[in-house]
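# Inside the fold
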Amino acid sequence: MKAVVCERYGAPDVLQLKEVEKPVIADNEVLIKVHATTVSSGDARIRRGTRESLPFWPISKMAIGFHKPRKPILGMDFAGEIVEVGNEVKRFKIGDHVFGFCGQGTYAEYIRLFEEGPLTHKPPSMTFEEAASIPFGGCSALDFLRKGKITSGQNVLIYGASGSLGTYAVQLAKYFGADVTAVCSSTNVELVKSLGADAVIDYTKEDFVERGERYDIIFDTVGKTTFSRVKDALKQNGLYVLAVFHYREIFQMIWTSKIGSKKVIGGITDENVDDLRFLKKLIEKGKLKVVIDRCYPIHQIAEAHEYVEQGHKKGNVVMKWEERS
Ligand SMILES: NC(=O)c1ccc[n+]([C@@H]2O[C@H](COP(=O)([O-])OP(=O)(O)OC[C@H]3O[C@@H](n4cnc5c(N)ncnc54)[C@H](OP(=O)(O)O)[C@@H]3O)[C@@H](O)[C@H]2O)c1
């Protein structure tokens, strides 16, 4: 089968479409023909593999491979079709359309997953492109808002509201009954309003901290703020929730867990099938939209990475496998 492989860290052109071995499934696994995957900000960080792109250097580098990626096929989420099932598989059958996470390795024509793994059926109303765009941004946004203990009636500020996590976070915070202020640049104001934000602040024109408003939760999806800067914009017992953090913020998480009423919260999102199902239901009910910025054929993966790593995509960037015989 074909796969995009990353045999060394570097610029987008390190990604090469190559022939690799097709996975062989075990009795409790399914084989999935991938129709669509995404290029996430996380994929671009791993591909670059630099001290700047990877938080927790050098621990992160040891985990993913010091000199070259230990797992050369990148890609975290997918939507596709089951083409083979193991003898013990009960939940899925050949021909089922599914979507989910794969840890790493979805830039491939075929992937294998445990049937009990993080995958679920794709509703017919959803395209493969839409379904592939749910796991990374949707599940992460949901997980971080839950870490922030979001409840109805709260004032919630989403910083970086136009990215993959941000577009989901705005909509989910509204779904949970919060009053949502979204921060993005001028070009994305209309997009973010269309997702339901009650107020939008253009960060190129105004610093939200200067407004004098107070929030129960400030969720920074893109790692562009600091606790010392936003602390005054948090209410008493307010939570500063971070999708991107470094050693300094770990120290702040520990420190604020013991002292003071304002807390710093972060963590790593796990791959949770219940969250996937929850988001799927919201989308089916029309309560959540998937934002797709661009869609590239798989042979243009380097162009897609180049675009994503500029850090200004709107929602998600999708890769599609071309029609195969
Ligand atoms: N901890 C975890 O488990 C976890 C899980 C998932 C993701 N993450 C991390 O979360 C981060 C966000 O991921 P993502 O996929 O949502 O990113 P993304 O889609 O690449 O974010 C792009 C968006 O960020 C906005 N942005 C850029 N600079 C900004 C600034 N200075 N102020 C406000 N907004 C700004 C851009 O809007 P403009 O064009 O308007 O500037 C753009 O729409 C990544 O670093 C990812 O690695 C962490």
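Predicted model, so just to flag it, every value in this text is computed and none were measured. (Residues numbered from 1 in each chain as written. Predicted model: local features only at pLDDT ≥ 70, side-chain atom pairs only at ≥ 80, totals over all residues. Heavy atoms only, no water.)

### Topic: the pairing of strand β10 (residues 199-202)
Stated formally: By definition, two strands form a pair when at least two bridges between them are found by DSSP. Comment: elements are numbered from the N terminus, with helices defined as DSSP H or I runs of at least four residues and strands as E runs of at least two. The handedness of a crossover follows from its direction of travel: if, with the strands pointing away from the viewer, the path from the first strand over the helix to the second runs clockwise, the crossover is right-handed.
Where strand β9 (residues 179-184) meets β10, four bridges bridge the pair, whose relative direction is parallel. When the sheet's bridge partners are listed, Ala-182 is paired in β10 with Val-200. Handedness of the crossover is the feature at issue here: the chain leaves β9, passes through helix α6 (residues 189-194), returns alongside β10, and the resulting connection is right-handed.

### A short note on unusual backbone geometry
Here is the rule: Burial status follows relative accessibility: with a 1.4 Å probe on protein chains alone, a residue under 20% of its type maximum counts as buried, one over 50% as exposed, and anything between as partly exposed.
In the segment running from Trp-57 into Pro-58, the intervening peptide bond is cis, with an omega of 0°. By the secondary structure assignment, Pro-58 is in the loop between α1 (41-48) and α2 (59-64). Look at Phe-56: it is not a glycine, yet its phi comes out positive at around 60°. Examined against the element boundaries, Phe-56 turns out to sit in the loop between α1 and α2. Overall, the relative accessible area of 18% leaves Phe-56 in the buried class.

### Here's the deal with the environment of Gly-42
Here is the rule: When checking whether two residues touch, look at their non-hydrogen atoms; a contact exists if any pair is within 4.5 Å.
Here Gly-42 lies in helix α1. A sequence separation of 31 residues divides Gly-42 from Ala-11, and the C-alpha atoms of the two residues are 15 Å apart. Not counting residues within four places of it along the chain, the set of residues in contact with Gly-42 comprises Met-76 and Phe-136.

### Considering α1
The set of residues buried in α1 consists of Gly-42, Asp-43, Ala-44, Ile-46 and Arg-47. Those residues of α1 that are buried lie in contact with β1 (2-6), β2 (15-19), β3 (29-38), α2, α4 (135-147) and α10 (301-308). Directly after α1, the chain includes Gly-49, whose backbone phi takes a positive value near 65°.

### Quick notes on the pattern of salt bridges
Filter applied, for reference: What makes a salt bridge here is a side-chain nitrogen of Lys or Arg within 4 Å of a carboxyl oxygen of Asp or Glu, nothing more.
Taken as a whole and assessed by the stated rule, the structure comprises 19 salt bridges. Note that Glu-309 is salt-bridged to Arg-48, the shortest N-O span being 3.2 Å. Highlighted residues: Glu-309 in the loop between α10 and β15 (316-320) and Arg-48 in helix α1, separated in sequence by 261 residues. Judged by relative accessible area, Arg-48 falls into the partly exposed class, the value being 32%. Across the pair Glu-116 and Arg-91 runs a salt bridge, and its minimum N-O distance is 3.6 Å. On the criterion of sequence distance, the pair formed by Glu-116 in the loop between β6 (110-114) and β7 (119-121) and Arg-91 in the loop between β4 (77-85) and β5 (97-101) is long-range, its members being 25 residues apart. Sharing partners across several salt bridges, the network here consists of Arg-47, Arg-48 and Glu-309.

### Focus on the domain arrangement of the protein
Applied cut-off: Domain borders in the structure are assigned automatically or taken from a domain database. The quantity reported as buried area is the accessible area (1.4 Å probe) lost by two parts once they are put together, taken as the sum for both. Within 3.5 Å is the distance limit for a polar contact, defined as a pair of N or O atoms, with the added protein rule that one can donate a hydrogen and the other accept it, and that residues adjacent in sequence qualify only through two side-chain atoms.
Along its sequence, the protein is carved into domain 1 (2-134 + 290-320) and domain 2 (137-265). In this complex, domain 1 contributes 16 residues to the contact, which on the side of domain 2 involves 18 residues. Taken together, the two surfaces of domain 1 and domain 2 that pack against each other cover about 1,200 Å², and 55% of this comes from carbon and sulfur. There are zero salt bridges connecting domain 1 and domain 2. Our count for the domain 1 to domain 2 interface comes out at eight residue pairs in polar contact (both at pLDDT 80 or more).

### Here we look at the site of the ligand
Note the cut-off: The nearness test applies per residue and asks whether one of its heavy atoms lies within 4 Å of the molecule or strand. Using the Shrake-Rupley algorithm and a 1.4 Å probe, accessible areas are obtained, with residue cover drawn only from the displayed protein chains. Any residue outside Ala, Val, Leu, Ile, Met, Phe, Trp, Tyr, Cys, Pro, Asp, Glu, Lys and Arg is labelled polar, Gly included; the first ten of those are nonpolar and the last four are charged.
Inspection of the region around the ligand gives 26 residues, with Arg-45, Ser-162, Ser-185, Tyr-203 and Lys-313 positioned closest. At a separation of 2.3 Å, an oxygen atom of the ligand approaches a polar side-chain atom of Tyr-203. Burial of the ligand by the protein chains amounts to 90% of its free accessible area of 940 Å². Of all elements in the fold, only α1, α4 and α5 (164-175) reach the threshold of two or more residues within the shell around the ligand. Per-element tally for the shell around the ligand: the top contributor is α4, with three residues. In terms of residue class, the shell around the ligand is built from nine nonpolar, 14 polar and three charged. Lining the shell around the ligand are residues from two domains, each supplying at least three of them: domain 1 (2-134 + 290-320) and domain 2 (137-265).

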